[in-house]
Amino acid sequence: MRVKICGITRDEDGEAIARMGANALGFICVPSSPRYVGVGQIRQMVDRLHSWRVGAIGVFANVGTEAISQVVREAGLTGVQLHGDETPEFCDRLRVELADGIEIIKAFRIKSEADLERTRLYRDRVDTFLLDAYHPGQLGGTGRQLDWTLLDRFDPGVPWLLAGGLNPDNVLTAIARARPTGIDLSSGVERSPGIKDLAKVARLFEQLGARGQHRP
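Residues numbered from 1 in each chain as written. Predicted model: local features only at pLDDT ≥ 70, side-chain atom pairs only at ≥ 80, totals over all residues. Heavy atoms only, no water.

At a minimum axis distance of 8 Å, the contact between helix H2 (residues 39-48) and helix H3 (residues 65-75) shows a crossing angle of 40°. Viewed along their axes, H2 and H3 adopt a mutual orientation that is oblique. Packed against H2, whose contacting residues are Val39, Ile42, Arg43 and Val46, the element H3 presents Val71, Arg73, Glu74 and Ala75 at the interface. Split by residue class, the contact of H2 with H3 holds five nonpolar, no polar and three charged. (Axes fitted to C-alpha atoms, helices over the stretch in contact; angles between N-to-C directions. Helix = DSSP H or I, 4+ residues; strand = E, 2+ residues; numbered from the N terminus. Parallel < 35°, antiparallel > 145°, perpendicular 65-115°, else oblique. Contact = heavy atoms within 4.5 Å. Nonpolar A, V, L, I, M, F, W, Y, C, P; charged D, E, K, R; others polar.)

Written out as structure tokens, the structure reads:
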């Protein structure tokens, strides 16, 4: 079970969460987000994470491929998460811009079966899907829970992360119901936007480890 903790804004949080066993950390590159961090700060955090072999994912929304690839290079990211209205063709162009081995994750805000059907268009264009809850005014980190009943027959043919309102109390139920290949948490392990509650993160890994759901 892959575990990604998103919305990291502080060096100490990133290092502590990597030490606990996270497989990837997410850095928000959307200036309007309360969890936004600049390129220099991301680079500083990434440089401290090398010994932990943890992925560093930049989260973008509706910006150009050149701008994304520049941030990837300057910040030392290992992956890109697209959280806006990016088309399959955009993903193709981004793949050409990025260096080999950089992961592309496409996020989808799900509110109906039609949204799940739309993911099929991206299956051969990206490496990983992320399913989040729909919110009309926010792209992510809302704390809203995705309707897991929509995922009963979801089988995208690529690895996928479940997001949307996950926390240490409901994560095992979510995994059992949705059967994702990984999970992504942000507000569910925070004290405030961008400030992680390390006690909650520790409890998350305790829950996963007790049920054999996670291996660093």
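Examined against the element boundaries, His50 turns out to sit in the loop between H2 and strand E3 (55-60). Judged by relative accessible area, which is 53%, His50 ranks as exposed. Measuring from C-alpha to C-alpha, the distance between His50 and Ala24 comes to 12 Å, with 26 residues separating the pair along the chain. (Buried < 20%, exposed > 50% of the residue type's maximum accessible area, 1.4 Å probe, protein only.)

Let's shift gears to the packing of aromatic side chains. For the coordinates displayed, the defined rule picks out three aromatic pairs. Seen from their ring centres, Phe108 and Tyr122 are 5.2 Å apart, and the 75° between their planes marks the pair as edge-to-face. Of this pair, Phe108 sits in strand E5 (residues 103-110) while Tyr122 sits in the loop between helix H5 (113-118) and strand E6 (128-133), and the two are 14 residues apart along the sequence. What makes Tyr122 buried here is its relative accessible area of 3%. Seen from their ring centres, Phe154 and Trp160 are 5.1 Å apart, and the 90° between their planes marks the pair as edge-to-face. What makes Trp160 buried here is its relative accessible area of 3%. (Phe/Tyr/Trp six-rings, centres within 6.5 Å; stacked < 30°, edge-to-face > 60°.)

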